[in-house]
Amino acid sequence: MESSKSLSKIFNTIFPFRDFLYILQQEEYSNKRFFVWLPRFFLRRNIEKREHIKFTQRARVTLVISVILFVLDAWYAVAHFPLSVVFVFLLVPLYIVIANVIVTPVYDHIKKGIRLKARKTFESKSKSPNGRTKVIAITGSYGKTTVKNFIHELLKYNYKVQMVPGNINSTIGISRWIAGYFLEGNDILIVEMDAFAKGRIAKSCQILPPDIAIITNVGDQHIERFGTQDNLRDALGEVFENAKPEAHLIFPAEEEAWVNEISREENQVLHEIEINDKITYRGKTLTDIPLSESNKINLKFALEVADILDIPEDYVQDISKKLIPPDRRQKIGNIFGYEGIDDSYNISYTTAVAGIHEAKLQAGARGKKLLVITAGIPELGKDDFDKNNMLGRELGMMADHTIVLNSMFAGEIQKGIGESLKYTVACDLKDAVTKLHESYPAVEWFVLQQPELTDLYY
């Protein structure tokens, strides 16, 4: 086994098709994003450590075409310019890109067919005793999955509800789920919609036009992809622009002016959510909510939906006391044998700080010290490059110790923390866990786990 792994690494070092295809797949086959990473990985090999390439049909086709291009160029070079064959090996990333350009129109056509099938499936099965199935669509920089799950818990005993599960939120993911799993007779379908580019949420809404549309926030996540927060806001706003003419639109109160600009349908009903710590339902304060402060805000969006759909007050009060966040979203539990909070799904500066403050509160309540494992904040915009330094300063103030994973952001985090005794550097999460068990007794420490990040950030 070890010898075959060694041979595979040697082969990939010489013919690094797998590495560059892995990068392309990580960035959803975007050539533009591929070129962002190319300077960093041009001479690096065998980069798969935290995740592994998935040899889907598209990946296999792209690989075969790129290898054919390579062989043809190598053959020509050997026949005519033997010394130039070395440059052919350096052009492997270019063969991957050209292959992707060739196959993209084919797979765009396939995706269009999948979307069309999903739309027809939903239209044909969108029937219930109360009329057509209502769609609740949720988007935002963060909090989507949590809001989705909270809504499901509040509605499921009063309506026949189906929820697109897990982290399925891309247009193609939603389409495949609808075609394969959507059931006839549902009163309500709850779905989250994400965007890594403009136009994607609009395509999702063409399949599932929202009756209730929610934007949880317009934050600082994925700004590098969109360039500016305004571009991100426009992408998220597609869920409102493509909602039904009589839809309910739910959004943070701070976005009121913008929503009034994009909502032009007379019969649409606007619902502003005040971002504060006061949790009420139909004028009555809800108490004993076992959620972090940020998840209480997520609950407020779910409560607004419950109110729109006339869920009884006593039921809402009871369920609200029993809500549990989805996995990896500020969920308290066992972290590597320690009491702690798993907040490892995604990260922005806002969510990072919220998680740190909640972990500090929980650690203090247990009489323990706080240890944070972090790799930093990715995809920052040009105006936010200091956020990892700011994260370090926050950790320096709030955490008793931090294990910094050696990502490309590690230096900025360490600089922000300042005092070297307050942090330890680990090469990866496995190394971090080893250091954790060696030096920090579970009876004394409470752990906050932030995302490790993908191989592209190391």
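Scroll up a little and you will see the structure.
Residues numbered from 1 in each chain as written. Predicted model: local features only at pLDDT ≥ 70, side-chain atom pairs only at ≥ 80, totals over all residues. Heavy atoms only, no water.

Focus: the overall build of the protein
Applied cut-off: Strands here are runs of E lasting at least two residues and helices are runs of H or I lasting at least four, both read from the DSSP assignment and numbered beginning at the N terminus. Both definitions apply: the radius of gyration is a C-alpha atom measure, and the globule rule equals 2.2 Å times residues to the power 0.38. Throughout, a residue-residue contact means that at least one pair of heavy atoms, one from each residue, lies within 4.5 Å. Counted as positive: Lys and Arg. Counted as negative: Asp and Glu, with His and the chain ends omitted from the count. Note on charges: their place is set at NZ of Lys, CZ of Arg, CG of Asp or CD of Glu.
The helix and strand inventory of the protein stands at 18 helices and 14 strands. Rg of the C-alpha trace for the protein: 24 Å, near the compact-globule value of 23 Å for 458 residues, within the 12% margin. If one aligns the C-alpha atoms of the protein with their principal axes, the spans along those axes are about 80 × 60 × 40 Å. Taking the intrachain contacts of the protein between residues at least 6 apart in sequence as the baseline, contacts between residues at least 24 apart amount to 72%. Each charge class in the protein was averaged separately, 56 positive and 58 negative side chains, and the resulting centres sit 6 Å apart.

Details of the packing of aromatic side chains
Worth spelling out the cut-off: Only the six-membered ring of Trp is used, alongside the rings of Phe and Tyr, when aromatic pairs are assigned; centres must lie within 6.5 Å, and planes under 30 degrees apart are stacked while those over 60 apart are edge-to-face, with the rest tilted. Under the scheme applied here, a residue whose accessible area is under 20% of the maximum for its type counts as buried, over 50% as exposed, and between as partly exposed, the area being computed with a 1.4 Å probe on protein chains only.
The final tally for this structure, using the stated rule, is 17 aromatic pairs. Look at phenylalanine 15 and phenylalanine 89: their rings are 5.5 Å apart centre to centre, the planes differ by 40°, and that puts the pair in the tilted class. With phenylalanine 15 in the loop between helix H1 (2-14) and helix H2 (17-26) and phenylalanine 89 in helix H5 (residues 85-90), this residue pair connects regions lying 74 residues apart in the sequence. On the basis of relative accessibility, which here comes to 24%, the residue phenylalanine 15 falls in the partly exposed class. A relative accessible area of 28% places phenylalanine 89 in the partly exposed class. When the ring of phenylalanine 240 is compared with that of phenylalanine 251, the centres are 6.3 Å apart and the planes differ by 70°; the resulting orientation is edge-to-face. With phenylalanine 240 in helix H11 (residues 229-241) and phenylalanine 251 in strand S5 (residues 248-252), this residue pair connects regions lying 11 residues apart in the sequence. Phenylalanine 240 gets classed as buried once you look at its relative accessible area, which sits at 2%. Phenylalanine 251 sits in the buried class, given a relative accessible area of 1%. Taken together, Phe11, Phe15, Phe17, Phe70, Phe89 and Tyr95 form an aromatic cluster joined through their ring pairs.

Some details on a positive patch on the surface
Where we set the bar: Each patch is built from residues lacking any salt bridge and having more than 30% relative accessible area; the joining distance is 9 Å for like charges and 5 Å for nonpolar side chains (Val, Leu, Ile, Met, Phe, Trp, Tyr). The accessible surface values rely on the Shrake-Rupley method and a 1.4 Å probe; as for residues, cover is taken only from the protein chains in view. A pairing counts as a salt bridge when a side-chain nitrogen of Lys or Arg comes within 4 Å of a carboxyl oxygen of Asp or Glu.
Positive charge collects at one region of the surface, where Lys5, Lys9, Arg44 and Lys49 lie side by side. With respect to the helices, strands and loops of the structure, lysine 49 is situated in the loop between helix H3 (31-41) and helix H4 (57-80). Its relative accessible area of 59% is what places lysine 49 among the exposed residues.

Focus on the sheet that holds strand S13 (residues 423-426)
Strand pairing in a sheet is mediated by backbone hydrogen bonds. Such pairs are either parallel or antiparallel. Put simply, the rule reads: Note on pairing: DSSP must find at least two bridges between two strands before they are called paired. For helices, the fitted axis covers only the stretch in contact; all axes are lines through C-alpha atoms, and the angles between them, taken along N-to-C directions, range from 0 to 180 degrees.
A sheet is described by the order of its strands in space; here six strands give the open sequence S9-S10-S14-S11-S12-S13, paired in mixed fashion. Each end of this open sheet is capped by a strand with a single partner; those strands are strand S9 (331-335) and S13. Direction aside, the axes of adjacent strands within the sheet are offset by 25° on average. Bridge analysis of strand S10 (residues 338-342) against strand S14 (residues 445-449) gives three bridges, and the strand direction is parallel. Paired with glycine 340 across the two strands is valine 447, which belongs to S14. Most of the contacts of helix H17 (residues 410-417) go to strand S12 (residues 401-405), to which it runs at about 160°, and overall it touches strand S11 (369-374), S12 and S13. Strand contacts of helix H18 (residues 429-439): S10, S11, S12, S13 and S14, with the helix running at about 140° to S13, the strand carrying the most contacts.

Describing the nonpolar core
Operational definition: In these notes, a set of buried Ala, Val, Leu, Ile, Met, Phe, Trp, Tyr and Cys residues joined through side-chain atoms within 4.5 Å is what counts as a nonpolar core.
If you look at the biggest cluster of nonpolar residues, it comprises 64 residues, and the most contacted ones within it are Ile23, Leu370, Ile373 and Leu395. Excluding its chain neighbours within four sequence positions, the residues that come into contact with leucine 395 are Ile356, Val372, Thr374, Thr402, Ile413, Ile417 and Lys422. One finds Phe122, Val135, Trp177 and Ile201 within the second-largest nonpolar core, a separate group that totals 34 residues.

Points about the environment of leucine 303
Within the fold, leucine 303 resides in helix H13 (residues 293-308). The class for leucine 303 is buried, based on a relative accessible area of 3%. Not counting residues within four places of it along the chain, the set of residues in contact with leucine 303 comprises Leu154, Ile279, Thr280, Tyr281, Leu286, Val316 and Ser320.

Focus: the layout of surface pockets
Any empty space left between the atoms is revealed when a probe the size of a water molecule rolls over them. Threshold: As defined here, a cavity is a set of points on a 1 Å grid over the protein atoms alone where a 1.4 Å probe fits but cannot get out. A pocket is an open set with protein on both sides within 12 Å along at least five of seven lines, and residues line them when an atom is within 4 Å of a point. Grid points are joined across faces, edges and corners, and a volume is the space filled by probe spheres set on the points. Gly falls in the polar group here, along with every residue not listed as nonpolar (Ala, Val, Leu, Ile, Met, Phe, Trp, Tyr, Cys, Pro) or charged (Asp, Glu, Lys, Arg).
Here the second largest pocket defines a volume of roughly 370 Å³. Residue lining of the second largest pocket: Lys5, Ser8, Lys9, Asn12, Arg18, Asp19, Asn46, Glu48, Lys49 and His52, and that is the complete set. Among the elements of the structure, H1 and H2 are those that each provide at least two residues to the lining of the second largest pocket. Tallying contributions element by element places H1 first for the lining of the second largest pocket, with four residues. Split by residue class, the lining of the second largest pocket holds no nonpolar, four polar and six charged.

By themselves, these observations are geometric and do not establish any function.
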